[in-house]
Amino acid sequence: LGWASRTPLAEGLWSAALRLRWAALGISLVSWAVLMAFNNHYAQVQPPEGVLDAARTLRGALGWWAIVAACGWAQRAFTRESPGLRQASQAVFCLYILHQSVIVLLSQWMRPLDLPWGLEAVLLIVLTFAACGAAYLVLRRVPGLALLVGIQHRARGQQAQPSATSSAAPAS
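As the structure is a prediction and not an experimental result, all values here were calculated from the model.

Peer 1: Could you clarify how one ought to interpret the pattern of salt bridges in this entry?
Peer 2: Scanning the entire structure with this criterion turns up 2 salt bridges. The salt bridge partner of Arg56 is Asp53, with a shortest N-O separation of 3.7 Å. Placement of the pair is Arg56 and Asp53 together in helix α2 (residues 49–77), with a separation of 3 residues, close to one helical turn. The class of Asp53 is partly exposed, set by a relative accessible area of 36%.

Shown next, in the form of structure tokens:
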């Protein structure tokens, strides 16, 4: 999706995401609620194969509708280039590469703490973001390691490519 979103293959993708952001958000929330009801209903019992297939399909669709909603809302929120947006754009691939390993390490580290699931989830999210952000800030200064985690250095004064959001007109 990332690479293809900047090619002619995706002509109209960003405007469609912007236009569909409310519907995508609504569909995502309803899908999530249906899946929570499914999980609650079948917590102790194996669901019929057809129902399980439908839940798997819905789970996959939920992921894509959430992505469409996030892309649409990001276009609405980030209508202008800024130093913070450029920094986030440079960091996102590094954070993507690191986050899964960090989650695994942190979850194993927190396991013996036997925290309530809600607290553990929030703590895991916050610590993952903090650890990945700190790693980005350190790794971007080490040229060989920076390249391994997807951080590209630009020559001084070189501008980033214009983002797809910078040309999007704000819509309600």
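Picking up where we left off.
Peer 1: What should I look at first to understand the nonpolar core in this one?
Peer 2: The tendency in soluble globular proteins is for nonpolar side chains to be buried side by side. Counting 14 residues, the largest nonpolar core has Cys94, Leu98, Tyr136, Val149 and Ile151 as its most contacted members. The biggest single contributor to this core is helix α3 (residues 83–110), with 7 residues. Leave out the neighbours within four places in its chain, and Tyr136 touches Gln87, Gln90, Ala91, Cys94, Leu95 and Ile151. By size, the runner-up hydrophobic cluster in this structure holds 5 residues, among which are Leu35, Phe38, Leu52 and Ala55.

Peer 1: Could you clarify how one ought to interpret the packing of aromatic side chains in this entry?
Peer 2: Given two aromatic rings, one states the distance between the centres and the angle between the planes to describe the pair. If you walk through the whole model with that rule in mind, you get 3 aromatic pairs. Ring centres 5.1 Å apart and planes at 50° place the aromatic pair Phe38 and Tyr42 in the tilted group. Judged by centre distance (6.2 Å) and plane angle (25°), the ring pair of Phe93 and Tyr96 falls under stacked. Here the residue Phe93 and the residue Tyr96 both occupy positions in helix α3, the gap between them amounting to 3 residues, near one helical turn. In this structure, Arg21 is placed above the aromatic ring of Trp73, and the distance from its NZ or CZ to the ring centre is 4.8 Å.

Peer 1: Just to check I follow, could you spell out α2 for this structure?
Peer 2: The periodicity of an α-helix, 3.6 residues per turn, causes residues three or four places apart in sequence to face the same way. Taking 1.5 Å per residue, 29 residues should reach 42 Å; α2 reaches 42 Å between its end C-alpha atoms and fits that length. Looking at α2, one finds that the buried residues are Leu52, Ala55, Leu62, Ala69, Gly72 and Gln75. Of the surrounding secondary structure, the elements contacted by the buried residues of α2 are α1 (13–41).

Peer 1: What is the right way to look at the packing of α3 against helix α4 (residues 117–139) in this model?
Peer 2: Viewed as axis vectors pointing N to C, α3 and α4 meet at an angle of 130°, and their least axial separation amounts to 7 Å. Taken as axis vectors, α3 and α4 run oblique relative to one another. For the pair α3 and α4, the sense of crossing is right-handed. In terms of residue class, the contact of α3 with α4 is built from 19 nonpolar, 6 polar and 1 charged.

Peer 1: Mind showing me how you'd approach unusual backbone geometry here?
Peer 2: For residues other than glycine, phi is negative in most cases, and the peptide bonds are mostly trans. One non-glycine residue, Asp114, lies in the positive phi region at around 50°. Mapped onto the fold, Asp114 is located in the loop between α3 and α4.

Peer 1: Can you help me understand the side chain of Ser31 in this one?
Peer 2: In this fold, Ser31 is placed in helix α1. Residue contacts for Ser31: discarding those within four places in its chain leaves Leu58 and Leu62.

Peer 1: Is there a simple way to think about α1 in this case?
Peer 2: With 29 residues, α1 extends just 37 Å between its outermost C-alpha atoms, more than 12% less than the 42 Å of an ideal straight helix rising 1.5 Å per residue. Of all the bends in α1, the greatest, near 65°, is centred on Leu20. Every buried residue belonging to α1 is among Ala16, Ala17, Leu18, Arg21, Ala24, Ser28, Ser31, Leu35 and Phe38, and all of these are buried. Buried positions along α1 lie against α2.

What counts and how
Residues numbered from 1 in each chain as written. Predicted model: local features only at pLDDT ≥ 70, side-chain atom pairs only at ≥ 80, totals over all residues. Heavy atoms only, no water. Salt bridge = Lys/Arg side-chain N within 4 Å of Asp/Glu carboxyl O. Helix = DSSP H or I, 4+ residues; strand = E, 2+ residues; numbered from the N terminus. Buried < 20%, exposed > 50% of the residue type's maximum accessible area, 1.4 Å probe, protein only. Core = buried A, V, L, I, M, F, W, Y, C linked by side-chain atoms within 4.5 Å. Contact = heavy atoms within 4.5 Å. Phe/Tyr/Trp six-rings, centres within 6.5 Å; stacked < 30°, edge-to-face > 60°. Lys NZ or Arg CZ within 6 Å of the ring centre and 35° of its normal. Expected span 1.5 Å × (residues − 1). Axes fitted to C-alpha atoms, helices over the stretch in contact; angles between N-to-C directions. Parallel < 35°, antiparallel > 145°, perpendicular 65-115°, else oblique. Left-handed = near helix turned anticlockwise from the far one by under 90°. Nonpolar A, V, L, I, M, F, W, Y, C, P; charged D, E, K, R; others polar. Bend = angle between axes of the 7 residues up to and from the residue.

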